[in-house]
Amino acid sequence: MSITITSFDGAERAAVDEAYRIGSAANDVDLPDFPPFCRRRFDALFHTPMPGTRSLWALARLDGVPAGYLQLDLPQLDNTDNATVELVVHPELRRRGVGRALHEHAVRLLREHGRKRVVAMAVSALPDGPARSAAGDAFAAATGARSALAEVRRRLDVGGIDRVALRAALAEARPRAEGYHSVCWQGTTPQEYVADIAYLDGRLLMDAPMGDVQWEPEQVDAERIRGNERALDARGRRRYHLGMRHEESGRLVAWTLLDVGASADWHAFQQITIVDPAHRGHRLGLIAKAENLHHLLTHEPAVQVIDTWNAASNSYMVAINEQLGFRPVDAWTDWQLTL
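Everything quoted here is computed from the prediction, not taken from an experiment.

Criteria and cut-off values
Residues numbered from 1 in each chain as written. Predicted model: local features only at pLDDT ≥ 70, side-chain atom pairs only at ≥ 80, totals over all residues. Heavy atoms only, no water. Pairing = 2+ DSSP bridges. Helix = DSSP H or I, 4+ residues; strand = E, 2+ residues; numbered from the N terminus. Axes fitted to C-alpha atoms, helices over the stretch in contact; angles between N-to-C directions. Expected span 1.5 Å × (residues − 1). Buried < 20%, exposed > 50% of the residue type's maximum accessible area, 1.4 Å probe, protein only. Contact = heavy atoms within 4.5 Å. Domains from an automatic or database assignment. Buried area = accessible area lost by both parts, 1.4 Å probe. Salt bridge = Lys/Arg side-chain N within 4 Å of Asp/Glu carboxyl O. Polar contact = N/O pair within 3.5 Å; in protein donor to acceptor, adjacent residues only side chain to side chain. UniProt positions renumbered as here; feature names shortened; annotations may be inferred. Core = buried A, V, L, I, M, F, W, Y, C linked by side-chain atoms within 4.5 Å.

With that settled, the discussion passes to the sheet that holds strand β6 (residues 146-157). In spatial order, the strands read β1-β2-β3-β4-β5-β12-β6-β11-β10-β9-β8-β7; together these 12 strands make up an open sheet with mixed pairing. Strand pairing shows two members of the sheet lacking a second neighbour, β1 (3-8) and β7 (180-186), which therefore form its edges. Averaged over neighbouring strand pairs, the angle between their axes works out to 25° when direction is ignored. Strand direction decides the pairing type here: strand β5 (residues 117-125) and strand β12 (residues 327-338), joined by 9 bridges, are antiparallel. When the bridges of β12 are listed, S124 appears paired with A331.

Below is the structure:
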């Protein structure tokens, strides 16, 4: 068998198409409960990247047949020793050396670009969860990578929400949030809130459990927020935000985000939820998430399920998600390889 690997970019439409078909096949087999692999999102990775990210792409062919692809994201604004990788092999062409060849190609590229470590994620089954292949974890371990952070994906079945219990939880929480009120918006952040959102977004990697992942906090400002928004618009992500405003200071001190992709109106992701440390203890996280759930479902009535990820050790956020009705689906490991 002959394996060849060639670099490509967004101008090479045939290679992009081949990579997309590989990603779509892998998505359907590895994560059958996920939305379809989104073509709009995939194309946008090439023409509208996240600000401060340089991506390197490579396509592997096995005896001339497209068999796998590699995406390396190299941060340019911070974490300039680091990279993230997505390595995907077509399900019908696995266990033939394609993944190993792509890995070796990735290591060469990373060293050429002065990177010292790379992080990737792999999914595995929970004891009582749906079946998941153990191949991702086994492959990562075989490369010499170390398990750096354990995460769990949880899913909320919208039809099963206990609305009576949720109303009771909010009624109990709101007296503790006196002096704060919620504001919500869709899509682009209003200019009056951009500085506060930049501050909160920049705190995420300081406040969230990171295990042994060596990743420094990102430097986020208004320009970066606007760049992120342009990239998400290009991907077709319909975004629903809710912030908690501190009345005395006028600042947003908590923020949560839900979004819906272009490929499936039945599915949403619960993204960031963060509360400024100086304003914790007022149940702002629960209030923000519960009210934003209502905000989303008012505008996206087709949504049936919502997925979210949390570090297994993040007991505070896990407790809020469990209270809302999220239940574990599968396990995800952040693997870190030091070069």
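From this point on, the discussion continues.
This part takes up helix α1 (residues 13-30). Taking 1.5 Å per residue, 18 residues should reach 26 Å; α1 reaches 25 Å between its end C-alpha atoms and fits that length. All buried positions along α1 are accounted for by A15, V16, E18, A19, Y20, I22, G23, S24, A25, A26 and N27. The inward-facing, buried residues of α1 contact β1, α2 (39-47), β2 (53-62), β3 (65-75) and β4 (82-89).

Accessible area lost on assembly of the parts is the figure often given for the size of an interface. The domains assigned to the protein chain are domain 1 (3-115) and domain 2 (155-326). The straight-line distance from the C-alpha centre of domain 1 to that of domain 2 is 29 Å. Across the contact, 21 residues belong to domain 1 and 24 residues belong to domain 2. Interface of domain 1 and domain 2: buried area, both sides summed, is about 1800 Å²; carbon and sulfur atoms make up 61% of it. If you sort the residues of domain 1 by the area they bury against domain 2, M50, D78 and N79 come out on top, with a joint share of 26%. Where domain 1 packs against domain 2, one counts 2 salt bridges. A salt bridge links D33 to R155; the shortest N-O distance between them is 3.6 Å. Counting across the interface, domain 1 meets domain 2 through 9 residue pairs in polar contact (both at pLDDT 80 or more).

On to the side chain of R239. Relative to the assigned elements, R239 resides in strand β8 (residues 238-246). Judged by relative accessible area, which is 3%, R239 ranks as buried. In terms of polar contacts, R239 uses its side chain to reach the side chain of D233, at 3.0 Å. With sequence-adjacent residues up to four places away left out, R239 is seen in contact with W185, Q186, G187, T188, E229, L232, D233, L257, L258 and D259.

Strand residues, when the strand is regular, have side chains that alternate between the two faces of the sheet. Looking at chain direction, β1 and β2 are connected through 6 bridges and run antiparallel. By the bridge assignment, F8 is partnered in β2 with W57. Relative to β3, β2 runs antiparallel, the two being bridged by 10 bridges. Bridge pairing links L62 to V65 in β3. If you look at the hairpin formed by β2 and β3, you'll find 2 residues sitting between the two strands, and D63 has a positive phi there, around 50°.

With that settled, consider the UniProt feature "domain: N-acetyltransferase" (unreviewed entry) in the protein chain. Here, the residues flagged by UniProt with the feature "domain: N-acetyltransferase" (unreviewed entry) are residues 3-211. Segment residues 3-211 splits into 36% helix and 30% strand. End C-alpha atoms: 36 Å apart.

Turning our eyes to something else, we now look at the nonpolar core. One finds M244, L284, L296, V303 and I306 to be the most contacted residues of the largest nonpolar core, which totals 32 residues. When residues of this core are traced back to their parent elements, those giving at least two are α5 (163-173), β8, β9 (252-260), β10 (267-275), α8 (284-299) and α9 (315-324). Beyond its immediate sequence surroundings of up to four residues, V303 is in contact with V158, V260, D265, W266, A268, L296 and L297. Listed in part, the 23 residues of the second largest apolar core include A58, L72, V98 and A106.

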